[in-house]
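Overview (structure and organization)
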Amino acid sequence: MNESSPPVTHAEMANAIRFLSADAVQKANSGRPGMPMGMADVATVLFSQFMKFDVADPRWPDRDRFILSAGHGSMLLYSLMYLTGSEDMTIEQIQNFRQLGSITAGHPEYGHASAAETTTGPLGQGLANSVGMALSERMLAARFGSDVVDHFTYVIAGDGCLMEGISHEAISLAGHLKLSKLIVLFDDNKISIDGPTDLTVSDDQCARFEASGWDTATVDGHDPEVVAAAIEQARQSNKPSLIACRTTIGYGAPTLAGTSKTHGAPLGDEEIAGARAALGWSAEPFDIPEATLASWRSIGGQGSKARAAWQDVLGALPADRKADFERTMSGALPQGWESAIATVKTRAVKDAPKMATRKASEEVLKELTKVIPEMVGGSADLTGSNNTKVDALRPISSDDFSGGYVYWGVREHGMASAMNGMALHGGFIPFAGTFLVFTDYCRPAIRLSALMKQRVIYVMTHDSIGLGEDGPTHQPVEHLASLRAMPNVMVMRPADLVETAECWGIAIAQADRPSVLALSRQGLPTVRLTDTAENLCAKGGYVLSETDGPRQATILATGSEVSLALEAQETLKSEGISAAVVSMPCCDLFDEQGDAHRASVLGTAPRVAVEAGICYGWERYVGDNGHIVGMSSFGASAPASDLYTHFGITSDAVVSAVKARI
């Protein structure tokens, strides 16, 4: 671009997004061009005038976060990345959109494209993630100062994001906490896949957000000056803000713009040619005019001064404060944190308490939160039942973000998704609780925790029919099996305080996978009576009680049924039958062990498994000649002891099963 060249216009910069997106979808013969074409003007304003970022350091801690909650429009993000000069987003990646091995997946995936702050696509998840990110920003600012932590979270959300039920949970919490540095740009194009949105929804979205404590504005999404003014006003608000941007989906397409036909399919060569003519874009596919590209690249580097200034501020902190900030943002744990686990184990072996594992979890948390200050707890309105709050964790509020406990309210789905946002933001290790049966409400977010390899800890109590009188609506039966079926999730069901401490140690140490701690309501005896330095639960399954001589049988159990297995072992021993007892707190970890360990634990004698859940999954451990003592139906409302007898989950049933197989 020479000195006499006219300045690049906003329209030219926005059109670069439009045609990179449309051309990439066309080449892939798959994708959704309509949203990127419709929101190109809004995105251009946001990135050119407001976003604080530096492509030279895409993970700069104090960068603004940009969440494409409407993840089906992924080419909007990929186009922005290429245009601003992201090192990993080459034109070849754009040309390989949706192809195997590319970083340009059909929906943005965290860990693939560097600017993908989260994995989106399941609608509403990105919006709820953003609440966790905005909350983390406020909490970190309270701990380290607003000169170190001071950034916005921007979200592009579509009609589908706001139709999803999780959006209510997310916006309600954000409004309640007055997360003023959260700004949602609503792509109000009034089109969904089935057709016009008035087929299915007539909500006044602005009124809905206002009722939840948000500021709102309605703008023409194709008028850059109006969009910029609305964003600037939102940045000054003391509330979270929604800006409803009235746009035309597939903007520029001569016959398809404004229709659902641009939502989920390529435009076709003829329609793209017509759009080029209509918008005055003469460049060939994947070719960005030099001046336009240069303008975009300058935007990509305009945050370098802000980043350098921030690094100076960080460098001026006292050495210990600087090190603490850098450690927590990196996800590294404080040196010597394992001593907290050892302390609990030693005390548990000495005292041998009978307690519910939910209470055991509280005992562990009392020690862990003393040495890992970045742990942030919470509960979905079940704090007293989940035992997730300890003295070290003060509640946060809209007036004070310096604490470490979140009262999430009855918002299980929003809670789980916001915890993903907190983990992704960095600086915290989130954990929170509800009843295990309500993992059904959390499941989409748990799946994304696993897909994104995030350290999020789900404290799920009342883990079986052992919860008793609340009945089958609250008694998880299929949940353990269904959660174990999910890749990269550690489902851990400890038997006592010792195992609970070890399972917490595993959950904290695993930086790249989520954990589900399935904990009992009812009191359980201590079954681990020897204090070992080794974390035996880390192997998933181990021999808790070996036989004196050759094994005649092996009994496998988890959680509350381990004590039943030990009772059965004693009965069998009195009858001259030698049975070993194996505790299997984490099948996932057991499956990851080598053949030698698994063989030594399982042995060659007949095997019987016992667990107060459905039998599915245990077949691979007991084999064709084994037996499973478990549930084959939903539970019932009665005292726990009556239920165990009624459903045949007893030591006598285990004894009978063993005898039938030797």
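Read on for a plain summary of the structure.

Conventions used here
- All residue numbers here refer to positions counted from 1 along the written sequence of the relevant chain.
- Side-chain atom pairs in this predicted model are given and counted only at pLDDT of 80 or more, local residue features only at pLDDT of at least 70, and totals for whole chains, interfaces and linings cover all residues.
- Calculated side-chain values reflect all of the structure's heavy atoms, with hydrogen atoms and water omitted.
- Take a side-chain nitrogen of Lys or Arg and a carboxyl oxygen of Asp or Glu: if they are within 4 Å of each other, that pair is a salt bridge.
- Burial classification: accessible surface area is computed with a 1.4 Å probe over protein chains only, and a residue below 20% of its type maximum counts as buried, one above 50% as exposed, and the rest as partly exposed.
- Lines fitted to C-alpha atoms define the axes here, with helix axes fitted over just the stretch in contact, and angles between the N-to-C directions of these axes take values from 0 to 180 degrees.
- Each helix is a run of DSSP H or I of at least 4 residues and each strand a run of E of at least 2, with the numbering of both proceeding from the N terminus.
- What sets the label is the angle itself: under 35 degrees gives roughly parallel, over 145 gives roughly antiparallel, 65 to 115 gives roughly perpendicular, and the rest give oblique.
- Should the near helix be turned anticlockwise from the far one by less than a right angle, the crossing is termed left-handed; should it be turned clockwise, right-handed.
- The contact rule is simple, with two residues in contact once any of their heavy atoms fall within 4.5 Å.
- For this scheme, ten residues count as nonpolar: Ala, Val, Leu, Ile, Met, Phe, Trp, Tyr, Cys and Pro. Four count as charged, namely Asp, Glu, Lys and Arg, and the remainder, Gly too, count as polar.
- Here, any two strands with at least 2 DSSP bridges between them count as paired.
- Ring pairs are drawn from Phe, Tyr and Trp, using the six-membered ring of Trp, whenever the two centres fall within 6.5 Å, and their geometry is named by plane angle: stacked under 30 degrees, edge-to-face over 60, tilted for the rest.
- Should the NZ of a Lys or the CZ of an Arg lie within 6 Å of a ring centre and within 35 degrees of the ring normal, that charge is described as sitting over the ring.

What follows deals with the pattern of salt bridges. As enumerated under the stated definition, the model contains 34 salt bridges in all. For the salt bridge of aspartate 188 with lysine 190, the shortest nitrogen-to-oxygen distance reads 3.3 Å. Among the residues examined, aspartate 188 registers a relative accessible area of 10% and is labelled buried. The partner of glutamate 374 in a salt bridge is arginine 327, with the nearest N and O atoms 2.7 Å apart.

What follows covers the packing of helix α5 (residues 125–144) against helix α7 (residues 165–176). The interhelical angle for the contact between α5 and α7, taken along N-to-C directions, is 20°, at an axis separation of 9 Å. As far as their axial angle goes, α7 and α5 are roughly parallel. Considering the relative orientation of α5 and α7, their crossing is left-handed. Taken together, the residues of α7 that come into contact with α5 (itself represented by Gln125, Leu127, Ala128 and Val131) are Ile166, Ser167, Ala170, Ile171, Leu173 and Ala174. Residues of the contact of α5 with α7, tallied by class, amount to eight nonpolar, two polar and no charged.

Okay, the sheet that holds strand β8 (residues 375–379) next. The strand order across the open sheet formed by six strands is β9-β8-β10-β11-β13-β12, and the pairing between neighbours is parallel. Every other strand in the sheet has two partners, leaving β9 (405–407) and β12 (490–492) as the edge strands with one partner each. The average angle at which neighbouring strand axes cross in this sheet is 20°, direction not considered. Across three bridges, the pairing between β12 and strand β13 (residues 515–519) is parallel. Bridged to valine 491 within β13 is valine 516. Across the sheet, helix α20 (residues 497–509) lies against β8, β10 (429–435), β11 (457–461), β12 and β13, angled at about 165° from β12, the strand it touches most.

Excluding glycine, residues mostly have negative phi values, and the peptide bonds linking residues are mostly trans. One non-glycine residue, asparagine 29, adopts positive backbone phi at about 55°. Examined against the element boundaries, asparagine 29 turns out to sit in the loop between α1 (10–28) and α2 (34–49). For aspartate 381, which is not glycine, the phi dihedral falls at a positive 65°. With respect to the helices, strands and loops of the structure, aspartate 381 is situated in the loop between β8 and α16 (383–386).

A complete count under the given rule lists 15 aromatic pairs for this structure. The interplanar angle of 75° and the centroid separation of 5.1 Å between the aromatic rings of tyrosine 405 and tyrosine 407 together place this pair among those described as edge-to-face. Relative accessible area serves as the criterion here: at 0%, tyrosine 405 is assigned to the buried category. Given the relative accessible area of 45%, tyrosine 407 is considered partly exposed. Chaining the aromatic ring pairs together yields one cluster made of Trp60, Phe144, Trp310 and Phe325. Lysine 181 extends its terminal NZ or CZ atom over the ring of phenylalanine 152, reaching a point 4.0 Å from the ring centre.

Here we come to the environment of threonine 604. Take threonine 604: it is sitting in the loop between α23 (595–602) and β17 (607–614). Each C-alpha atom of the pair threonine 604 and tryptophan 504 lies 31 Å from the other, and the pair is 100 residues apart in sequence.

Right, let's get into the pairing of β10. When a strand is regular, its side chains alternate between the sheet's two faces. Extensive coverage of β10 is indicated by the burial of seven of its seven residues. Inspection of the sheet shows β8 paired to β10 by three bridges, in the parallel sense. Each residue of the ladder has a partner; that of valine 376, found in β10, is proline 430. As defined by bridge partners, β10 adjoins β11 across five bridges and the pair is classed as parallel. Across the sheet, the residue bridging to glycine 433 is valine 459, located in β11.

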